[in-house]
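# Reading the structure
The residues making up each chain are set out below.
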Amino acid sequence: MTDTILITGSSRGIGRAIALRLAHDGFDIVLHCRQRRGAADDVADEIRLMGRQARVLCFDVADRDAARETIESDIEAHGAYYGVVCNAGITADGAFPALSDEAWDSVIHTNLDGFYNVVKPLVMPMIRRRAPGRIVVMSSVSGLMGNRGQVNYSAAKAGLIGAVKALAVELAKRRITVNCVAPGMIDTDMSDERVREEALKVIPMQRTGTSEEVAGTVGFLCSPDASYITRQVIAVNGGMC
Ligand code: NDP
């Protein structure tokens, strides 16, 4: 049976590129989005044309009950996953003194709690497979360096690095690797033109990255070639830090 990987936030942007890359690499794919079901269905169609299986789950990663119920019933119907890529994320930028409670809460709930809400219901079934597995979590250069106007986002993305390092230790002897990918400035819907202009000044390669470049790193981490790589943060940022 072909191994299956769930990629959260795969209706567009980096997640979509990861889904296509992993399908190309031979995995069956569980796509996921919050509300753009049509976009995720289009990605599923592309993947089926590649000869791989694809299905779509829709839920808000910040909604613990919805995440648990949806993932548990998907696993019950189709079996445990080989891997998960926790990619869904948002920003809500603002200078700290003016940052709203809503901007703080939504970014922490989606990016950091979202990791817990998604990984918790699928990790025990992964362990019970008694086979190698992969957990890849999307952090950010913001979590490594701290970015102006992103105290909330930097906190969430740095928190993910701590969570990954601890979970990697817990799962190491089960042959389930747990790693972070930390992209720099990647061209997607999330990119802000003003931030992009500023970022170009501090990117040694003097260009933004593509979703496909991030997806390539995730593809490697999910492959057998990365079987001895765990508890790591791999930056994909043109040399920013
Ligand atoms: P996009 O904004 O292009 O896409 C975000 C994806 O996440 C969409 O599929 C969206 O679903 C989904 N999503 C957002 N919020 C939720 C939620 N609450 N519940 C479920 N799904 C949700 O983002 P990118 O592709 O740019 O970013 C992907 C990841 O990479 C994020 O974690 C981001 O923080 C990280 N990153 C991005 C960088 C960049 O420069 N772009 C740099 C560093 C890190 P829907 O379409 O239904 O809304």
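Up top you'll find the structure we're talking about.
Below: a short report on this structure. (Residues numbered from 1 in each chain as written. Predicted model: local features only at pLDDT ≥ 70, side-chain atom pairs only at ≥ 80, totals over all residues. Heavy atoms only, no water.)

## As for the side chain of Asp 28
Examined against the element boundaries, Asp 28 turns out to sit in strand S2 (residues 28-33). There is a polar contact of 2.9 Å between the side chain of Asp 28 and the backbone nitrogen of Gln 53. When residues no more than four places from it in sequence are discounted, the contact partners of Asp 28 are Thr 2, Asp 3, Thr 4, Ile 5, Arg 52 and Gln 53. (Helix = DSSP H or I, 4+ residues; strand = E, 2+ residues; numbered from the N terminus. Polar contact = N/O pair within 3.5 Å; in protein donor to acceptor, adjacent residues only side chain to side chain. Contact = heavy atoms within 4.5 Å.)

## Comments concerning the environment of Leu 167
If you trace the backbone, Leu 167 turns up in helix H6 (residues 151-171). You can call Leu 167 buried: its relative accessible area is 16%. With 50 residues separating them in the primary sequence, Leu 167 and Asn 117 have C-alpha atoms 14 Å apart. Apart from residues no more than four positions distant in its own chain, Leu 167 is found in contact with Phe 115, Val 119, Ile 135 and Val 178. (Buried < 20%, exposed > 50% of the residue type's maximum accessible area, 1.4 Å probe, protein only.)

## A few points about the sheet that holds strand S6 (residues 176-183)
Strand order in the open sheet formed by seven strands is S3-S2-S1-S4-S5-S6-S7, and the pairing between neighbours is parallel. Single-partner strands in this sheet number two, and they are strand S3 (54-58) and strand S7 (233-236). Averaged over all pairs of adjacent strands, the angle between strand axes in this sheet comes to 20 degrees, irrespective of strand direction. Relative to S3, helix H2 (residues 37-49) is tilted by about 165 degrees, and along the sheet it contacts S2 and S3. Taken strand by strand, helix H4 (residues 101-128) contacts strand S1 (4-7), strand S4 (83-86), strand S5 (133-138) and S6, and its axis lies near 170 degrees from that of S4. (Pairing = 2+ DSSP bridges. Axes fitted to C-alpha atoms, helices over the stretch in contact; angles between N-to-C directions.)

## Overview of H2
Between its terminal C-alpha atoms H2 stretches 19 Å, which fits the 18 Å expected from 13 residues at 1.5 Å a residue. For H2, every residue scored as buried is listed here: Ala 40, Val 43, Ala 44 and Ile 47. All buried residues of H2 fall inside an arc of 105 degrees around its axis, so they share one side. Looking at the buried side of H2, the elements it contacts are helix H1 (13-24), S2 and S3. The positive-phi residue at the C-terminal boundary of H2 is Gly 51, with phi of around 90 degrees. (Expected span 1.5 Å × (residues − 1). Arc of directions from axis to C-beta.)

## Considerations on the layout of surface pockets
To find leftover empty space, one rolls a probe the size of a water molecule over the atoms. What the second largest pocket holds in volume is close to 190 Å³. For the second largest pocket, the full set of lining residues is Phe 115, Tyr 116, Val 119, Lys 120, Val 123, Met 124, Ile 127, Ala 163, Leu 167, Glu 170 and Leu 171. Of all the elements, H4 adds the most residues to the lining of the second largest pocket, at seven residues. Grouping the constituent residues of the lining of the second largest pocket by class yields nine nonpolar, no polar and two charged. (1 Å grid on protein atoms, 1.4 Å probe; cavity = no way out; pocket = protein on both sides within 12 Å on 5 of 7 lines; lining within 4 Å. Points joined across faces, edges and corners; volume = space filled by probe spheres on them. Nonpolar A, V, L, I, M, F, W, Y, C, P; charged D, E, K, R; others polar.)

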